Amino acid sequence: MEERMDRDLGTFDDLYRRTHITAKSRFNASKRLADHNHVALVTITLMSLGLIAIPLIEVFELGNHFENKYVDFFQLFLAIVVLVISVAINSANFGRRSEKLHDCGLELSNLARKIYGFVKDEGTKEIYNDLANAYFEILNRYENHKSIDFRITQIDFPDQYAVNLWTQAMTWVLYKLDFSSYALLVLIEFLWIYNMIC
């Protein structure tokens, strides 16, 4: 007869909880990387439009409050920024990493459903070890999520984590700050073009 796990240990419940929380964190990481990919592409598009707009403003004499050497410098700067962002997106591989983290979340969710079947009616120690090993094997195949992804998961599970309003606000701010460099570049470009015209 197979040995049954001691219910007081709660091992299946703990494994289910860890698997479920980690899956949610991986989905959050996937979304964050997909957002990076999207925002970076929008930034490149806007910077490229700026590269087109600046010479048009000069050609049609729509306004030019800067000397030509400064306009030429800024055009060169924008071209370099577009090149750097393009290389960064390519090397960071946001899109592919997002897909892989999403796949990890799906695998962990499937495993969590299997584990959940043993939460109320616990299985054997052997079954627990097999499921725990499957959990760690999945984790080893994929990159890890970041702490911001886990913080968002904590907010998403108020029944398991007591996250106050201040921590929620700080999490939102930290998430948005991760994208601030894109916004800063677009703002600089916008202000330059605005000052050229006005």
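The model shown is predicted, which means the values in this text are computed figures rather than measured ones.

Caption draft 1: View of helix H4 (residues 125-141). Counted at 1.5 Å a residue, the expected span for H4 with its 17 residues is 24 Å, and the 24 Å between its end C-alpha atoms agrees. Residues Tyr 128, Leu 131, Ala 132, Tyr 135, Ile 138 and Leu 139 constitute the buried set of H4. The arc that holds every buried residue of H4, seen down its axis, measures 120°, which confines them to one face. Exposed and facing more than 90 degrees away from the buried side of H4 are Glu 126 and Asn 140. Looking at the buried side of H4, the elements it contacts are helix H1 (11-59) and helix H3 (94-116).

Caption draft 2: Broad picture of unusual backbone geometry. In this structure, Glu 61 takes a positive phi of about 50° despite not being glycine. Assignment of secondary structure puts Glu 61 in the loop between H1 and helix H2 (68-92). The backbone of Asn 93 sits at a positive phi, close to 50°, despite the residue not being glycine. As for its placement among the helices and strands, Asn 93 is situated in the loop between H2 and H3.

Caption draft 3: View of the packing of aromatic side chains. Scanning the entire structure with this criterion turns up 11 aromatic pairs. Measuring from centroid to centroid gives 4.2 Å for Phe 66 and Trp 192, while their planes differ by 10°, and the two rings are stacked. Highlighted residues: Phe 66 in the loop between H1 and H2 and Trp 192 in helix H7 (residues 180-197), separated in sequence by 126 residues. You can call Phe 66 partly exposed: its relative accessible area is 24%. Considering the side-chain rings of Phe 179 and Tyr 182, the 6.5 Å spacing of their centres and the 40° angle between planes classify their relative orientation as tilted. The exposure class assigned to Phe 179 is buried, which follows from its relative accessible area of 11%. Of the residues examined, Tyr 182 reaches a relative accessible area of 11% and is grouped as buried. Through successive ring pairs, a cluster of aromatic residues spans Phe 66, Phe 74, Phe 77 and Trp 192.

Caption draft 4: The arrangement of the side chain of His 36 in detail. Along the chain, His 36 falls in helix H1. Excluding anything up to four places from it in sequence, His 36 contacts Phe 94, Asp 178, Phe 179 and Tyr 182.

Caption draft 5: Broad picture of a nonpolar patch on the surface. Together, Val 42, Leu 46, Leu 49, Ile 52, Leu 56, Val 59, Phe 60 and Leu 62 make up a nonpolar patch on the protein surface, roughly 760 Å² of accessible area in all. With respect to the secondary-structure elements, Leu 62 resides in the loop between H1 and H2. On the basis of relative accessible area, Leu 62 is assigned to the exposed category, the value being 52%.

Caption draft 6: Expanded view of the environment of Asp 178. Tracing the backbone shows Asp 178 in the loop between helix H6 (165-177) and H7. With 30 residues separating them along the chain, Asp 178 and Ile 148 place their C-alpha atoms 9.9 Å apart. Apart from the residues within four sequence positions on either side, Asp 178 is in contact with Arg 32 and His 36.

Caption draft 7: Broad picture of the nonpolar core. Met 47, Ile 54, Ile 85, Trp 192 and Met 196 are the most contacted members of the largest nonpolar core, which has 25 residues in total. Secondary structure elements with two or more residues in this core: H1, H2, H3 and H7. Among the elements that line this core, the one with the most residues is H2, at eight residues. Membership of the second largest hydrophobic core comes to 14 residues, among which are Phe 12, Leu 15, Leu 131 and Leu 139.

Thresholds, definitions, all that
Sequence order as written defines residue numbering, which begins from 1 separately in each chain. Residues qualify for local features only when their pLDDT is at least 70, as the model is predicted, and side-chain atom pairs are given and counted only at 80 or more; totals for whole chains, interfaces and linings, by contrast, use all residues. Note: side-chain values were computed over all heavy atoms of the structure, leaving out hydrogens and water. Per the convention used, a helix needs a DSSP run of H or I reaching at least four residues, while a strand needs a run of E reaching at least two, with both numbered from the N terminus. To estimate how far a helix should reach, multiply one less than its number of residues by 1.5 Å. Type-normalised accessible area, obtained with a 1.4 Å probe on protein chains alone, sets the label of each residue: buried when under 20%, exposed when over 50%, and partly exposed for intermediate values. Working note: the arc is built from the helix axis to C-beta atom directions. Throughout, a contact is declared for two residues whenever any of their heavy atoms are within 4.5 Å. Note on ring pairs: Phe, Tyr and Trp rings are taken, using the six-membered ring of Trp, and paired if centres are within 6.5 Å. Classes follow the plane angle, with under 30 degrees stacked, over 60 edge-to-face and the rest tilted. Patch members must show over 30% relative accessible area and no salt bridge, and they are joined within 9 Å when carrying like charges or within 5 Å when they are nonpolar side chains of Val, Leu, Ile, Met, Phe, Trp or Tyr. Here the open area of atoms and residues is found with the Shrake-Rupley method and a 1.4 Å probe, where only the protein chains shown may cover a residue. By salt bridge we mean one thing: a side-chain nitrogen of Lys or Arg within 4 Å of a carboxyl oxygen of Asp or Glu. Residues belong to a common nonpolar core when they are buried Ala, Val, Leu, Ile, Met, Phe, Trp, Tyr or Cys residues joined through side-chain atoms within 4.5 Å.

Function cannot be read off these values alone, since they describe shape.
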